[in-house]
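Descriptive analysis of the structure
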Amino acid sequence: MERSRIAVAGASGLIGGALVRSLTADGHEVRRLVRGTPRAAGEIRWDPEGGRVDAAGLAGCHAVVNLAGAGVGDRRWTDAYKQRIRDSRVNGTAALAGAVASLDAKERPRVFVNGSAIGYYGETGERTADESTPAGEGFLPELCVEWEGATAPAQEAGVRTVFTRTGLVVSREGGAWARLFPLFRAGAGGRMGDGRQYWSFVALHDEVAAIRHLIDTDGLSGPFNVTAPNPVTNREITAAMGRVLHRPTLIPVPAAVLRTVLGEMAGDVLGSVRVLPTRLLESGFRFAFPEIEGAIRAAL
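On a predicted model such as this, the values are computed, not experimentally measured, just so you know.

Attention now goes to the pattern of salt bridges. On inspection of all chains with the given rule, the structure shows 13 salt bridges. Put simply, Arg31 and Glu29 hold a salt bridge, and the shortest N to O gap is 3.6 Å. On the basis of relative accessibility, which here comes to 18%, the residue Arg31 falls in the buried class. The class for Glu29 is partly exposed, based on a relative accessible area of 35%. Notably, a salt bridge pairs Glu148 with Arg165, separated by 2.8 Å at the nearest N-O pair. Of this pair, Glu148 sits in helix α3 (residues 139-149) while Arg165 is found in strand β8 (residues 160-166), placing the two residues 17 residues apart along the sequence. Side by side, Glu148 and Arg165 carry an identical accessibility label, which is buried.

The structure is reproduced here in structure tokens:
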């Protein structure tokens, strides 16, 4: 892609930070959406929960990438925190989509990449899910449907809109894996529940590469699963972590303990979501780390 101006919401997060580093390294101009008064050149003020954004800052951008949202795994899901998770995603997305649509056609971004998650599919058990699979039931599927639906103003304005349904990102820098690595290094890692549940993972490198591929490739729109093509069970992940870190993995975490500690969120840990990146592969994208052991080694 030629050097372009790209706006990124969620630039301080795990994926957003890695994307910004990748884009700036290749000479692109990145505009970061920030809360409060902008303090540096290229910052755009917004309030995602309040649904407000400075639309003028998006004018002339080639792409807008929205990766913002309160962390799903950051704390126990109280009713108040679930509302915060929802508002930070749905209200923020609606504000960005509305701002994009409000711009003059000549100044309007050509593509809007909006984050989503494989939580869209809910529990799939042994069955595989791809982009044609309907939404599941429960908090996360309902959230993802509403989150993706909030992009409607941008789509109606003719902006190419993409949803990245991201899996569990393998990284030491943040997310679920950042909590797993210290446990396994200490020899305290083990399977969770019966270990038969599928975890659909993606290396951070591949996550960023996929987003850039979706920005760069004209004609791609709608949902794309951003997960490695070989989802594995929690038991297999546990074994791979043990091999890479050269540590025992003998301490299982019973399902009952997880439910006590995590509450409703335990269903996300114990649930099985076996997702395939069908449309991403069909679009010509190739994963650098399609297997779990390679993704773990890349993170280290």
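Next, the rest of the story.
For the rest of this paragraph, the subject is helix α5 (residues 175-185). All of the buried residues along α5 are Trp177, Leu180, Phe181 and Phe184. Projected onto a plane normal to the axis of α5, the buried residues spread over an arc of 105° and lie on a single side. Where α5 is buried, its residues contact β9 (168-170), β10 (198-199), β11 (201-203), α7 (234-245) and α11 (292-299). Positive backbone phi, at 75°, marks Gly187, one or two positions downstream of α5.

Unusually for a residue other than glycine, His246 sits at a positive phi of about 55°. Note that His246 resides in the loop between α7 and α8 (255-262).

In this section: the packing of aromatic side chains. Remark: the centre distance and the inter-plane angle together describe each pair of aromatic rings, the angle taken between the planes. One pass over the structure, following the stated rule, counts 3 aromatic pairs. Seen in terms of ring centroids, Trp177 and Trp199 are 6.1 Å apart; in terms of plane orientation they differ by 80°. Their pairing is edge-to-face. Taken together, the residues span a long stretch of sequence, with Trp177 in helix α5 and Trp199 in strand β10 at a distance of 22 residues. Relative to Phe287, the ring of Phe285 lies with its centre 5.0 Å away and its plane at 85°, an arrangement referred to as edge-to-face. Residue Phe285 shares its accessibility class with Phe287, and that shared class is buried. Over the face of the ring belonging to Phe139 we find Lys82, whose NZ or CZ atom lies 5.0 Å from the ring centre. Arg89 extends its terminal NZ or CZ atom over the ring of Trp147, reaching a point 5.0 Å from the ring centre.

So, on to the nonpolar core. Core analysis: the biggest nonpolar cluster contains 28 residues, and Val8, Leu19, Val65, Val113, Ile211, Ile215 and Leu280 have the highest contact counts within it. Within the residue set of this core, elements represented by two or more residues are β1 (5-9), α1 (14-25), β5 (63-66), β6 (111-117), α6 (204-216) and β12 (222-226). No other element matches α6, which puts 6 residues into this core. Counting 21 residues, the second largest nonpolar core, distinct from the first, contains Ile44, Leu58, Leu96 and Leu103.

We now examine α11. Regarding α11, the residues found buried are Ile292, Ala295, Ile296 and Ala299. Taken around the axis of α11, the buried residues stretch over an arc of 100°, which confines them to a single face. Turning to α11, the residues buried within the fold contact β9, α5, β11, β13 (232-233) and α7.

Reading guide: rules and limits
Residues numbered from 1 in each chain as written. Predicted model: local features only at pLDDT ≥ 70, side-chain atom pairs only at ≥ 80, totals over all residues. Heavy atoms only, no water. Salt bridge = Lys/Arg side-chain N within 4 Å of Asp/Glu carboxyl O. Buried < 20%, exposed > 50% of the residue type's maximum accessible area, 1.4 Å probe, protein only. Helix = DSSP H or I, 4+ residues; strand = E, 2+ residues; numbered from the N terminus. Arc of directions from axis to C-beta. Contact = heavy atoms within 4.5 Å. Phe/Tyr/Trp six-rings, centres within 6.5 Å; stacked < 30°, edge-to-face > 60°. Lys NZ or Arg CZ within 6 Å of the ring centre and 35° of its normal. Core = buried A, V, L, I, M, F, W, Y, C linked by side-chain atoms within 4.5 Å.

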